[in-house]
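Residue-level structural notes
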Amino acid sequence: VIVIAATNRADVLDPALVRPGRFDRQVFVPLPDVRGRYEILKVHAKKVKIQPPLEPKLQRLAKATPMFSGADLAALINESALLAT
């Protein structure tokens, strides 16, 4: 049986899962750079009505959000849309 899982909180996993020989492979996914953040924002902004021109706004937002993960950027777009309404 092969189990693939993802977490950002390995400290809360059951001790039986993290015993030696169980899940000894860890893959760290780095946070996106400016270009990656811009592309992520473009994907999540497709479903939101934004006044044109869209590109400069998303580029400025991508530059202003270092240390944001993809989930953080999606939440940012969603919360902004909720606040705008």
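Everything quoted here is computed from the prediction, not taken from an experiment. (Residues numbered from 1 in each chain as written. Predicted model: local features only at pLDDT ≥ 70, side-chain atom pairs only at ≥ 80, totals over all residues. Heavy atoms only, no water.)

1. Quick word on a nonpolar patch on the surface
Just so we agree on the cut-off: By definition, no residue in a patch forms a salt bridge, and every one has over 30% relative accessible area; like charges are joined within 9 Å, nonpolar side chains (Val, Leu, Ile, Met, Phe, Trp, Tyr) within 5 Å. Only the protein chains shown count as cover for residues, with accessible areas throughout obtained via the Shrake-Rupley method and a probe of 1.4 Å. For this document, the term salt bridge refers to a Lys or Arg side-chain nitrogen within 4 Å of an Asp or Glu carboxyl oxygen. Numbering of helices and strands runs from the N terminus, with a helix taken as a DSSP run of H or I at least four residues long and a strand as a DSSP run of E at least two residues long.
Taken together, the side chains of Leu-13, Leu-17 and Val-18 present a nonpolar region at the surface, about 230 Å² in accessible area. With respect to the helices and strands, the residue Leu-17 is situated in the segment before helix H1 (34–45).

2. Here's the deal with the side chain of Thr-65
Our working rule: Here's how the labels work: a residue is buried when its accessible area is under 20% of the maximum for its type, exposed when over 50%, partly exposed in between, all with a 1.4 Å probe on protein chains only. Within 3.5 Å is the distance limit for a polar contact, defined as a pair of N or O atoms, with the added protein rule that one can donate a hydrogen and the other accept it, and that residues adjacent in sequence qualify only through two side-chain atoms. Any pair of residues with heavy atoms lying within 4.5 Å of one another is described as a contacting pair.
With respect to the element layout, Thr-65 can be found in the loop between helix H2 (54–63) and helix H3 (70–84). Among the residues examined, Thr-65 registers a relative accessible area of 4% and is labelled buried. In this structure the side chain of Thr-65 is engaged in a polar contact, spanning 3.3 Å, whose partner is the backbone oxygen of Ala-62. Look past the residues within four positions of Thr-65 in its chain and what remains in contact with it is Arg-37, Leu-73 and Leu-76.

3. Examining the confidence of the model for the protein chain
Atomic detail in the predicted coordinates should be set aside for any region of low pLDDT. The test is simple: Confidence of the predictor at the level of single residues is given by pLDDT, which spans 0 to 100.
Per-chain confidence: the protein chain averages 87 in pLDDT, with 95% of residues scoring 70 or above. Mean pLDDT values over the elements of the protein chain span from 93, in H2, up to 96, in H1.

4. Quick word on the side chain of Arg-37
What counts, and what does not: Charged residues are defined here as Lys and Arg on the positive side and Asp and Glu on the negative side; His and the ends of the chain fall outside this count.
Its place among the elements puts Arg-37 in helix H1. No salt bridge is formed by the buried Arg-37. Its closest oppositely charged neighbour is Asp-33, at 6.3 Å. There is a polar contact of 2.8 Å between the side chain of Arg-37 and the backbone oxygen of Ala-62. Excluding residues within four positions of it along the chain, Arg-37 makes contact with Pro-32, Ala-62, Lys-63, Thr-65, Pro-66, Phe-68 and Leu-73.

5. Considering unusual backbone geometry
Across the chain, the bulk of peptide bonds are trans and the bulk of non-glycine residues have phi less than zero. In this chain, Pro-52 is followed by Pro-53 through a cis amide linkage whose omega measures -5°. On the secondary structure map, Pro-53 appears in the loop between H1 and H2. Phi is positive for Met-67, close to 70°, though the residue is something other than glycine. Mapped onto the elements of the fold, Met-67 is located in the loop between H2 and H3.

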